[in-house]
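Here is what each chain is made of, one letter per residue.
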Amino acid sequence: MSTRVLAAGGGEFQPPGTNSVIYPPFVAGITKPMVLLVLSIIIIGVFFWLALRKPSLVPGKTQFAAESTYDFVRNTIGRDMISGKDLRPYLPLLVTVFTFVLVNNVYGFVPFLQLPTMSNPGIPYGIALVVWLVYNAAGMSRHGAFGYLKHQTSPPGVPVGIKPLVIPLEFLSNILVRPLTLSLRLFANMFAGHLVLLVFIMGGEYLLLHGGVLGMVAGPVALVLSIVLMFFELLIQFLQAYIFTMLTANYIGGALEEEH
Amino acid sequence: MLEGNIAILGYGLSAIGPGIGIGLIFAAYINGTARQPEARSVLQGIAILGFALAEALAIFGLVLAFVFM
Amino acid sequence: MNESTAVLAQAGQPNPLMPHLPETIVGLISFAILYFVVHKYVVPRFEKIYKERSERIEGGIARAEEAQAEAQRTLEQYKSQLAEARAEAARIRDDARAEGQQIVEEMRTQAQAESDRIISQGQAQLAAQRSQIIAELRSDLGRQAVDLAGRVVGESLEDEARRRGTVDRFLDELEATSAPAAESTKS
């Protein structure tokens, strides 16, 4: 996108658009997000390998970090949402989702990478699809196909008269819309955060170079603010990974829940 | 002079409701934590969940803005 | 590459909601690999560590309880031993006291007997000496008296038997008269 700005040159300021997250492939159809995705699983794998190479009851530094991550997913997110023994089979999924989303989000903060992979909608779509399949399959194997649909679409305690209204709505929100909101929330947050940062950085640069006297003042301010925003984005990136994992756990927990 | 798409305006409108909603959720969370600091960990999960659900509405707005662009 | 940039340039602002399918596929594959690794390796390891840790803690608690029970038992034992020892000591003390008393008693009786014996022996000795002295005195006094009488009378008393009878009679008379006096001096 920097070429675009340079091309725009001294003329009109070209705001960063949606194409700023879409990179042309380097070689043979391989794009930047693909490289980052592969890098992410290497990072996570090496991190866990280092932590668990020599596991001890009294953890070292790396093991402690890995254990805190695991503990966060297991006890803070998982325990709340999925009750008791049901948690263990879904724990790998939750850990995978959390670490995968977190690392891919935090790419937005890492210098030179500077692109949250999740700001490309294809990847959240894929993960959300997996989550959708998992929680529906979990619910169906627990309650049976019809029992599961009944469980998800007709909440107990609703008067019979309103049921025709409630059932389609619940079906819409619990079955159809969930994967969309799950993936789009992640995508939109990452995408918007990335765009905001770009606006601040490129706008600040433009003001500094072409903005005249006022721009000489406003440009640096914008650049400094962009650094502040970057840390704010770091918080958002973590929060989104947390929310994504928590909602995954919540959907699974809700599907497995016994009828009251 | 003004360029752009009216769909973006729609997104702006759709962000109002969730904005208020998220504000209310966190106001309640802060209130609850102030009254009962030991309930913080319980409230946190619920607040974030509520935040995520309210945010979903704003996301619909954003999606529709792009769809009708 | 050129083609896609051309497409981008032509479209201007592409719709960001449209997924780039190869990226989705790469994302899903990486996700699957990561899931496999976490499922096979990470979670079981962590669960093992957790289990070991909780077992260690529970074992520690059990051990501590055992140690406490042991300590309690030892304390009880010690206390009972102490009480026993105390009772024993008291008993021994009582015994010793009784024995001492007995010994003192025995000593006392022994000493009494000894002193009695000594006294009686002394008395017997005294009596023997007295009777010897009396016998000596008697013979001595008789002879003196006879000598004196012979000198006074001037004649030797030939008849021994007669003489002795006279002296004895005289002495008996003398003893009879001096007996009350002797009684009083003796006491």
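Criteria and thresholds
Residues numbered from 1 in each chain as written. Chains lettered and ligands numbered in written order. Predicted model: local features only at pLDDT ≥ 70, side-chain atom pairs only at ≥ 80, totals over all residues. Heavy atoms only, no water. Helix = DSSP H or I, 4+ residues; strand = E, 2+ residues; numbered from the N terminus. Buried < 20%, exposed > 50% of the residue type's maximum accessible area, 1.4 Å probe, protein only. Contact = heavy atoms within 4.5 Å. Areas by Shrake-Rupley, 256 points an atom, 1.4 Å probe, with all protein chains shown as cover. Axes fitted to C-alpha atoms, helices over the stretch in contact; angles between N-to-C directions. Parallel < 35°, antiparallel > 145°, perpendicular 65-115°, else oblique. Left-handed = near helix turned anticlockwise from the far one by under 90°. Core = buried A, V, L, I, M, F, W, Y, C linked by side-chain atoms within 4.5 Å. UniProt positions renumbered as here; feature names shortened; annotations may be inferred. Salt bridge = Lys/Arg side-chain N within 4 Å of Asp/Glu carboxyl O. Phe/Tyr/Trp six-rings, centres within 6.5 Å; stacked < 30°, edge-to-face > 60°. Lys NZ or Arg CZ within 6 Å of the ring centre and 35° of its normal. Expected span 1.5 Å × (residues − 1). Nonpolar A, V, L, I, M, F, W, Y, C, P; charged D, E, K, R; others polar. Bend = angle between axes of the 7 residues up to and from the residue.

Some words on the overall build of chain A
Here is step 1 of the chain: Helix and strand counts for chain A stand at 8 helices and 0 strands.
Here is step 2 of the chain: Helices (α) and strands (β) of chain A occur, in sequence order from the N terminus, as α-α-α-α-α-α-α-α.
Here is step 3 of the chain: In chain A, buried positions account for 49% of the 260 residues.
Here is step 4 of the chain: Look at the contacts in chain A between residues 6 or more apart in sequence, and 69% of them connect residues 24 or more apart.
Here is step 5 of the chain: Split by element, the accessible area of chain A, about 12,000 Å² in all, is 74% carbon and sulfur.

Structural notes on the packing of helix α5 (residues 122–143) of chain A against helix α6 (residues 145–153) of chain A
Residues and elements named next belong to chain A.
Here is step 1 of the chain: Where α5 meets α6, the axes come as close as 7 Å, and the angle between the chain directions of the two elements is 115 degrees. The orientation of α5 relative to α6 falls into the category roughly perpendicular. The element α5 and its partner α6 pack so that their crossing is right-handed. Within the contact between the two elements, α5 uses Tyr135, Asn136, Gly139, Met140 and His143 and α6 uses Ala145, Gly147, Tyr148, His151 and Gln152.

Digging into the nonpolar core
Here is step 1 of the chain: Judged by nonpolar contacts, the single largest core of 67 residues is most densely connected at A:Ile82, A:Phe100, A:Val101, A:Met118, A:Ile127, A:Phe244 and C:Phe46.
Here is step 2 of the chain: Going through the elements one at a time, α2 (32–52), α3 (61–81), α4 (87–106), α5, α7 (163–210) and α8 (212–256) of chain A, α2 (40–67) of chain B together with α2 (21–153) of chain C are the ones with two or more residues in this core.
Here is step 3 of the chain: Core analysis: the second largest hydrophobic core is formed by 10 residues, A:Phe187, A:Phe191, B:Leu62 and B:Val63 among them.

Some thoughts on the UniProt feature "transmembrane region" (unreviewed entry) in chain B
Residue and element names in this part refer to chain B.
Here is step 1 of the chain: The UniProt feature table records "transmembrane region" (unreviewed entry) at residues 6–30 and 42–68.
Here is step 2 of the chain: As a span, residues 6–30 carries 100% helix and 0% strand, and end to end its C-alpha atoms are 37 Å apart.
Here is step 3 of the chain: Its end C-alpha atoms 40 Å apart, residues 42–68 is made of 96% helix and 0% strand.

Let's talk about the pattern of salt bridges
Here is step 1 of the chain: Summed over the entire model, instances satisfying the criterion amount to 11 salt bridges over all chains.
Here is step 2 of the chain: Between B:Glu55 and A:Arg185 there is a salt bridge; the shortest N-O distance is 3.2 Å. With B:Glu55 in helix α2 and A:Arg185 in helix α7, the pair connects residues from two separate chains. Each member of the pair, B:Glu55 as well as A:Arg185, is classed as buried.
Here is step 3 of the chain: The residue C:Asp95 makes a salt bridge to C:Arg91 at a minimum N-O spacing of 3.8 Å. Here the residue C:Asp95 and the residue C:Arg91 both occupy positions in helix α2, the gap between them amounting to 4 residues, near one helical turn.
Here is step 4 of the chain: Look at C:Asp95 and you get partly exposed, because its relative accessible area is 41%.
Here is step 5 of the chain: Within this structure, C:Glu88, C:Arg91 and C:Asp95 form a network of salt bridges that share partners.

Quick notes on the packing of aromatic side chains
Here is step 1 of the chain: For the structure on display, the rule yields 14 aromatic pairs over all chains.
Here is step 2 of the chain: Considering the side-chain rings of A:Tyr70 and C:Tyr50, the 5.8 Å spacing of their centres and the 85 degrees angle between planes classify their relative orientation as edge-to-face. Of this pair, A:Tyr70 sits in helix α3 while C:Tyr50 sits in helix α2, each in a different chain. Like A:Tyr70, the residue C:Tyr50 is buried in the burial classification.
Here is step 3 of the chain: With centroids separated by 5.3 Å and ring planes inclined at 45 degrees, the aromatic side chains of A:Tyr135 and A:Tyr251 adopt a geometry described as tilted. Remark: A:Tyr251 occurs in helix α8 and A:Tyr135 occurs in helix α5; sequence separation between them is 116 residues.
Here is step 4 of the chain: On the basis of relative accessibility, which here comes to 5%, the residue A:Tyr251 falls in the buried class.
Here is step 5 of the chain: An aromatic cluster is built from A:Phe47, A:Phe48, A:Tyr70, C:Phe46 and C:Tyr50, whose rings are joined through pairwise contacts.
Here is step 6 of the chain: Residue placement shows A:Arg53 over the ring face of A:Trp49; its charged tip is 5.4 Å from the ring centre.

Focus: α5(A)
Residue and element names in this part refer to chain A.
Here is step 1 of the chain: Between its terminal C-alpha atoms α5 stretches 32 Å, which fits the 32 Å expected from 22 residues at 1.5 Å a residue.
Here is step 2 of the chain: Burial in α5 covers these residues: Gly122, Ile123, Pro124, Gly126, Ile127, Ala128, Val131, Tyr135, Asn136, Ala138, Gly139 and His143.
Here is step 3 of the chain: Downstream of α5 by one or two residues, Gly144 has phi in the positive range, about 85 degrees.

Let's talk about the UniProt feature "transmembrane region" (unreviewed entry) in chain A
All names here are of chain A.
Here is step 1 of the chain: Mapped onto this numbering, the UniProt entry annotates "transmembrane region" (unreviewed entry) at residues 34–52, 90–110, 122–140, 186–207 and 213–236.
Here is step 2 of the chain: In residues 122–140, the share of helix is 100% and the share of strand is 0%. The end C-alpha atoms are 27 Å apart.
Here is step 3 of the chain: Helix makes up 100% of residues 213–236 and strand 0%, and the two end C-alpha atoms of the span are 34 Å apart.

Details of the packing of α3(A) against α8(A)
All names here are of chain A.
Here is step 1 of the chain: Axis separation between α3 and α8 bottoms out at 8 Å; the angle between their running directions is 40 degrees. In terms of their interaxial angle, α3 and α8 are classed as oblique. Pair α3 / α8 crosses with right-handed handedness. Along its contact with α3, which presents Phe72, Val73, Ile77 and Met81, the element α8 presents Phe238, Tyr242, Thr245, Met246, Ala249, Asn250 and Gly253.
Here is step 2 of the chain: Of the residues assigned to the contact of α3 with α8, the class counts are 8 nonpolar, 3 polar and no charged.

Quick notes on α3(A)
Residues and elements named next belong to chain A.
Here is step 1 of the chain: Spanning 21 residues, α3 covers 29 Å between terminal C-alpha atoms, matching the ideal 30 Å at 1.5 Å per step.
Here is step 2 of the chain: The largest bend in α3 comes to about 30 degrees, at Asp71.
Here is step 3 of the chain: All of the buried residues along α3 are Gln63, Ala66, Glu67, Tyr70, Val73, Arg74, Ile77, Gly78 and Met81.

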